[in-house]
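Understanding the architecture of this molecule
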Amino acid sequence: MPSSTTLPATLGELRRAITSGARPHVSVKDELRSNLIARLRSGQPLFPGVIGYDDTVVPQMVNAILSKHNFILLGLRGQAKTRLLRALTSLLDSHSAVVPGCEIHDDPLAPICGPCQARVAAEGDAMPIGWRTAERRYVEKLATPDVTIADLIGDVDPIKAARSGFELGDARTMHFGLLPRANRGIFAINELPDLASKVQVGLFNILQEGDVQIKGYPVRLPLDVLLVFSANPEDYTARGKIITPLKDRIGSEIRTHYPRTRVDAIAITAQEAWTDRPADVQIDVPAYVREVVEEIAFQARLDSKVDRRSGVSQRLSITALENVVSNAERRAALSAEPVVVPRVSDIYASLPALTGKIELEYEGELKGPEIVARELVRSAVANVFDGYTSRANLKPVIAWFDQGGTVDSSDTTPSDELLAATAPIEGFSDLLERMGVQAGASAPGQASLADFVLEGLCSMKKISRTEDGKIEGSPHERKSRHRGDSQQADIRAMLEDEEDEPGPPGSKGRKKYYN
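Residues numbered from 1 in each chain as written. Predicted model: local features only at pLDDT ≥ 70, side-chain atom pairs only at ≥ 80, totals over all residues. Heavy atoms only, no water.

A look at the overall build of the protein chain
Scanning the protein chain for helices and strands turns up 22 helices and 16 strands. Relative to its full complement of 515 residues, the protein chain shows a buried share of 45%. Looking at the protein chain alone, contacts between residues at least 24 apart form 73% of all its contacts between residues at least 6 apart. (Helix = DSSP H or I, 4+ residues; strand = E, 2+ residues; numbered from the N terminus. Buried < 20%, exposed > 50% of the residue type's maximum accessible area, 1.4 Å probe, protein only. Contact = heavy atoms within 4.5 Å.)

Brief notes about the packing of aromatic side chains
Evaluated as defined, the whole model comprises five aromatic pairs. Measuring from ring centre to ring centre gives 6.3 Å for tyrosine 288 and tyrosine 388, while their planes differ by 85°; the resulting arrangement is edge-to-face. Residue tyrosine 288 is located in helix 13 (residues 287–302), and its partner tyrosine 388 is located in helix 17 (residues 369–388); the two are separated by 100 residues in the primary sequence. Judged by relative accessible area, which is 8%, tyrosine 288 ranks as buried. Between the aromatic rings of tryptophan 400 and phenylalanine 401, the centroid separation amounts to 5.0 Å while the plane-to-plane angle is 90°, which identifies the pairing as edge-to-face. (Phe/Tyr/Trp six-rings, centres within 6.5 Å; stacked < 30°, edge-to-face > 60°.)

Here we look at the nonpolar core
If you look at soluble globular proteins, the nonpolar side chains tend to sit buried side by side. Ranked by internal contacts, the top residues of the largest apolar core, which has 56 residues, are Ile358 and Phe401. Within the second largest apolar cluster, 45 residues are counted, among which are Ala143, Val147, Val199 and Ile242. (Core = buried A, V, L, I, M, F, W, Y, C linked by side-chain atoms within 4.5 Å.)

Thoughts on the sheet that holds strand 15 (residues 463–465)
What the three strands build is an open sheet, ordered 14-16-15; its pairing is antiparallel. Edge positions in the sheet fall to strand 14 (407–408) and strand 15, since each of these pairs with one other strand and no more. Pairing analysis gives three bridges linking strand 15 to strand 16 (residues 470–473), with the strands arranged antiparallel. When the sheet's bridge partners are listed, arginine 465 is paired in strand 16 with isoleucine 471. Together, strand 14, strand 15 and strand 16 form the strand contacts of helix 18 (residues 395–402), whose direction differs from that of strand 16 by roughly 100°. (Pairing = 2+ DSSP bridges. Axes fitted to C-alpha atoms, helices over the stretch in contact; angles between N-to-C directions.)

Some thoughts on the sheet that holds strand 4 (residues 138–142)
The sheet built from five strands is open, its strands ordered 4-7-10-1-11 with parallel pairing. What marks the edges here is a single partner per strand, and that holds for strand 4 and strand 11 (252–255). Sheet twist, expressed as the mean angle between neighbouring strand axes with direction ignored, is 20°. The sheet strands contacting helix 2 (residues 28–42) are strand 7 (185–190) and strand 10 (225–231), and the helix crosses strand 10 at an angle near 75°. Here helix 3 (residues 57–66) sits on the sheet in contact with strand 1 (71–74) and strand 11, set at roughly 165° to strand 11.

Description of helix 1 (residues 11–19)
Turning to helix 1, its buried residues number three or more, namely Leu11, Gly12, Leu14 and Ala17. Where the residues of helix 1 are buried, they touch strand 2 (95–98), helix 5 (114–123) and strand 3 (130–133). Backbone geometry just after helix 1 places glycine 21 at a positive phi near 85°.

Quick look at unusual backbone geometry
Not every positive phi belongs to a glycine, and histidine 105 is a case in point at roughly 55°. When you line up the elements, histidine 105 lands in the loop between strand 2 and helix 5. Phi is positive for glutamate 191, which is not a glycine, with a value near 60°. Assignment of secondary structure puts glutamate 191 in the loop between strand 7 and helix 9 (197–208).

Section: the pattern of salt bridges
Side chains bearing opposite charge may pair, as long as their charged atoms lie close to each other. This model, assessed by the stated rule, comprises 20 salt bridges. With its nearest N and O atoms 2.9 Å apart, the salt bridge here joins arginine 262 to glutamate 291. With a gap of 29 residues between them, arginine 262 in helix 12 (residues 262–272) and glutamate 291 in helix 13 connect regions that are remote in the sequence. The partly exposed category is assigned to arginine 262, whose relative accessible area is 25%. Salt bridges sharing partners connect three or more residues here, namely Asp303, Lys305, Lys367 and Glu375. (Salt bridge = Lys/Arg side-chain N within 4 Å of Asp/Glu carboxyl O.)

Focus: the packing of helix 19 (residues 415–422) against helix 21 (residues 443–459)
At a closest axis distance of 9 Å, the pairing of helix 19 and helix 21 adopts a crossing angle of 50°. In terms of axis orientation, helix 19 runs oblique to helix 21. Remark: the crossing between helix 19 and helix 21 carries left-handed chirality. Facing Ser415, Asp416, Leu418, Leu419 and Thr422 of helix 19, the residues of helix 21 in contact are Ala443, Pro444, Gln446, Ala447, Asp451 and Leu454. Across the contact of helix 19 with helix 21, the residue classes tally to six nonpolar, three polar and two charged. (Parallel < 35°, antiparallel > 145°, perpendicular 65-115°, else oblique. Left-handed = near helix turned anticlockwise from the far one by under 90°. Nonpolar A, V, L, I, M, F, W, Y, C, P; charged D, E, K, R; others polar.)

Quick look at empty space enclosed by the protein
Evaluated as defined, the whole model comprises one cavity of 30 Å³ or more. Of the pockets and cavities examined, the largest cavity occupies roughly 190 Å³. Along the wall of the largest cavity there are 18 residues; nearest its centre are Pro24, His25, Ser96, Ala97 and Arg184. For the lining of the largest cavity, the elements supplying multiple residues, two or more each, are helix 1, helix 2 and strand 2. Ranked by residues supplied to the lining of the largest cavity, first place goes to strand 2 with three residues. Its residues assigned to classes, the lining of the largest cavity comprises eight nonpolar, three polar and seven charged. (1 Å grid on protein atoms, 1.4 Å probe; cavity = no way out; pocket = protein on both sides within 12 Å on 5 of 7 lines; lining within 4 Å. Points joined across faces, edges and corners; volume = space filled by probe spheres on them.)

Concerning the environment of glycine 101
By the element assignment, glycine 101 lies in the loop between strand 2 and helix 5. According to the relative accessible area criterion, glycine 101 is exposed, its value standing at 82%. Residues glycine 101 and cysteine 116 lie 15 residues apart in sequence; the distance between their C-alpha atoms is 9.3 Å.

Let's talk about the packing of helix 13 against helix 17
In contact at an axis separation of 8 Å, helix 13 and helix 17 are set at 130° when each is read in the N-to-C sense. By the criterion of interaxial angle, the relationship of helix 13 to helix 17 is oblique. Remark: the crossing between helix 13 and helix 17 carries right-handed chirality. Residue-level inspection shows Ala287, Tyr288, Glu291, Val292, Glu295, Ile296, Gln299 and Ala300 of helix 13 in contact with helix 17, the latter providing Leu376, Val377, Ser379, Ala380, Val381, Asn383, Val384 and Tyr388. Residues that form the contact of helix 13 with helix 17 fall into these classes: 11 nonpolar, three polar and two charged.

Here it is as structure tokens:
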């Protein structure tokens, strides 16, 4: 595409450029279609930054664009619907010719509004033209119940009618809304079912006939625009939320989804979360911490206490990871550690980022959002930890705690103190080496892995953590050991009592028992 310095400056130059083939002159949908085909042939990524949709959503969007359909994306919150719609601008030409000063950015070669038609007829090829970039050709509106026809399509401007002398039904007396101002571009409406029925009828008229009624006056607006929408599936399919004729005029219905693998989810969060921070120390986020953060969202989407109709946004993982890194930064600053390495225990400090991202069912409301969030974190830690230690020997570590060993640990415990507290645990250092601790690893890195082991065993209920942060043996094992010690003590006492009882004549005072 020519640079802005070589673009035609007048209508005559534009006509000559189109005649020579230097510039195309097609509709918006044909423009998107031709640029999409060129990108497919070149092998370039269609929607950079969109992860996990290559085999599902993207092919359906490609088919809709090639078919020149107006389409809708149906999905729960946090499924990149708005990102996909905004990415459509990458398929537009870098610049588009317009009539300067026109409210609806009319085409100089085929104007549809009266003032532009009169200007082209008066000035001819000498008329100067303007140019719009691809980003400015995308118009977006969040649908709410208070959006009116005037906001979306337009209204009669009585002042303009009085000054111009035209009748109120003339298009030249109209104050145009967002949709006409998106002419020769892309118009996106998010949460389509939230629009009032009257406004939906106005959209239906434009999709079907290209005309609308404003204040009872029929106005012909043959707009050149691609209409795209997004909606929640439940709202879109509910009767009464969207008028059937409008739904029937939408060419393609494309369903989005959450990441289907933990690998895709980690890639999305790594792309979106603010973890590469301007700090004096290095920030190193371990892989198992990222996995636990993503697993929380996977667990929440399957939990019966969480409202599945509302969904669990991918933003949960993004904001949680940012809080995890921030808590690790706080600990490193307090302890003057040379590197920031988040721990699994830091995830509990990110509960404020979790509780606001999940909608609870009645059972969850009874428990409370914080308790439900803690249960989700424990389930996620247990699932990830089991994958890391499925073949590891954890019995020596568990036995050390069951025999009375304890470790004091919190999310602010310095790395050196945590490593010193775990050093006496039998088999602990061998376990860390088996899980990936290498010679010369930093103390914060070793402490993070040690914390992962402790939190993993706690989440699997092999050991337990008290309210004051002390880690000790599991309550069941401690109770069993205490019961066994009491039984042995009772047997010893009984035997001592029997030795003191007098026996039969001739005996030495001790009863004999035989099995």
